[in-house]
Amino acid sequence: MAHTYFSNRSGVQIDLDQVGTLIREATLPEGKVVLVFNDTPLPDDMQGSCTPKMLSRFSPDFNPICNADDFSKWDVCIALSKQACLRYTEFPAYFSYLIGHELGHAMICLNELSLHIHYCLIQGHIAIASRNAISMWHELPHEIRFDQYGLYLSERLWSRSKLNGEMEMLMSRRDCQDRDRLEMMLSLASRSDLDRIREDLVNFSLPYKEALIASWENDKRERGRNSLASLVFDYEALFK
């Protein structure tokens, strides 16, 4: 069972016992997880993020967020943006989904870091490889699975009807930036498992194999060891 540390800088009174219930439902494997409720937006205006310590050099913008409270001995850092935290009071079921989604990432990071690298490589290069036919993260198989996992954990704490109602309210707001994803999630069934993500990635990425490999090789040439592709020595293995 993972040890979890909380850092609430958001200024929002978040019920950590409630969050702890979500984490217990997730039954994360052994490891140390820091969960940061941040006081500013996250890089790239993300609502939430999951950073494994072993790969933190590839996400330098998140290091100040994850290390601000001197949690020097963490394996995985989950961070939620200030904007996401501000939704806690009005949209608690959706807030629980956001945490649940990132707990899905954390599960993979702690269990199978190579799989995290695999889907990050596809995520970072699929727009180029598909000539922008696929450009949104919620279209990717691993993100769909983490959405389903987040839905499952939120349902355990609240109910699907409450969660759906909150997502519909968010979609109705003029400033909603996730309308496509929210609309998709309303039709998704929740799932309690994270099985066969690798197989789903292979099936999804095979049509773009040559273009993905070319993009990874180009990124490695340009960025050297700062490219995540530098960690992969057999690209062919990612399509088997």
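Residues numbered from 1 in each chain as written. Predicted model: local features only at pLDDT ≥ 70, side-chain atom pairs only at ≥ 80, totals over all residues. Heavy atoms only, no water.

Chemist: Looking at this model, I keep getting lost on unusual backbone geometry. Mind explaining?
Modeler: Excluding glycine, most residues fall at negative phi; most peptide bonds, likewise, are trans. Despite not being glycine, Asp45 has its phi angle at roughly 60 degrees, a positive value. Structurally, Asp45 can be placed in the loop between strand E2 (32-37) and strand E3 (48-52). Its identity as a non-glycine residue notwithstanding, Arg196 has a phi of 60 degrees, on the positive side. Here Arg196 lies in the loop between helix H8 (179-187) and helix H9 (197-205). Taking the relative accessible area as the measure of exposure, Arg196 reaches 55% and is therefore exposed. (Helix = DSSP H or I, 4+ residues; strand = E, 2+ residues; numbered from the N terminus. Buried < 20%, exposed > 50% of the residue type's maximum accessible area, 1.4 Å probe, protein only.)

Chemist: What exactly am I supposed to notice about the pairing of E2 here?
Modeler: Of all 6 residues in E2, 5 are buried, a share of seventy percent or more. The β-α-β motif built from strand E1 (residues 3-8), the intervening helix H1 (residues 16-26) and the parallel element E2 has left-handed crossover chirality. Of the strand pairs in this sheet, E2 and strand E4 (residues 76-80) are connected by 5 bridges, and their pairing is parallel. Within the sheet, the bridge partner assigned to Phe37 lies in E4 and is Leu80. (Right-handed = clockwise from strand over helix to strand, strands pointing away. Pairing = 2+ DSSP bridges.)

Chemist: Any chance you could explain the packing of aromatic side chains here in plain terms?
Modeler: Two descriptors summarise a pair of aromatic rings, namely the distance from one centre to the other and the angle between the planes of the rings. Counted according to the given criterion, the structure contains 8 aromatic pairs. Between the aromatic rings of Tyr94 and Tyr97, the centroid separation amounts to 5.4 Å while the plane-to-plane angle is 40 degrees, which identifies the pairing as tilted. Of this pair, Tyr94 and Tyr97 both sit in helix H4 (residues 92-111), separated by 3 residues, roughly a single helical turn. For Tyr94, a relative accessible area of 2% translates into the label buried. Note on Tyr97: relative accessible area 3%, which makes it buried. (Phe/Tyr/Trp six-rings, centres within 6.5 Å; stacked < 30°, edge-to-face > 60°.)

Chemist: Would you explain the pairing of E1 in this entry?
Modeler: One face of the sheet, then the other: side chains in a regular strand alternate in exactly this way. Relative to E2, E1 runs parallel, the two sharing 6 bridges. Each bridged residue has a counterpart across the sheet, and for Phe6 the counterpart in E2 is Leu35.

Chemist: Where do I start with the sheet that holds E4 in this structure?
Modeler: In any sheet, the strands associate via hydrogen bonds between backbone groups, in a parallel or an antiparallel arrangement. Strand order in the open sheet formed by 4 strands is E1-E2-E4-E3, and the pairing between neighbours is mixed. The open sheet has two edge strands, E1 and E3, and neither has a second partner. Geometrically, the sheet is characterised by an average inter-axis angle of 15 degrees between neighbouring strands, direction not taken into account. Along the sheet face, H4 touches E2, E3 and E4 and points at about 160 degrees away from the line of E4. (Axes fitted to C-alpha atoms, helices over the stretch in contact; angles between N-to-C directions. Contact = heavy atoms within 4.5 Å.)

Chemist: Where do I start with the nonpolar core in this structure?
Modeler: Leu28, Phe37, Leu80, Tyr94, Leu103 and Trp216 are the most contacted members of the largest nonpolar core, which has 68 residues in total. When residues of this core are assigned to their parent elements, the largest contribution, 11 residues, is made by H4. Sequence-distant contacts of Trp216, that is, excluding residues within four places in its chain, are made with Leu121, Ile122, His125, Ala229, Tyr235, Leu238 and Phe239. Grouped together as the second largest cluster of nonpolar side chains are 10 residues, Met46, Ile65, Trp74 and Cys77 included. (Core = buried A, V, L, I, M, F, W, Y, C linked by side-chain atoms within 4.5 Å.)

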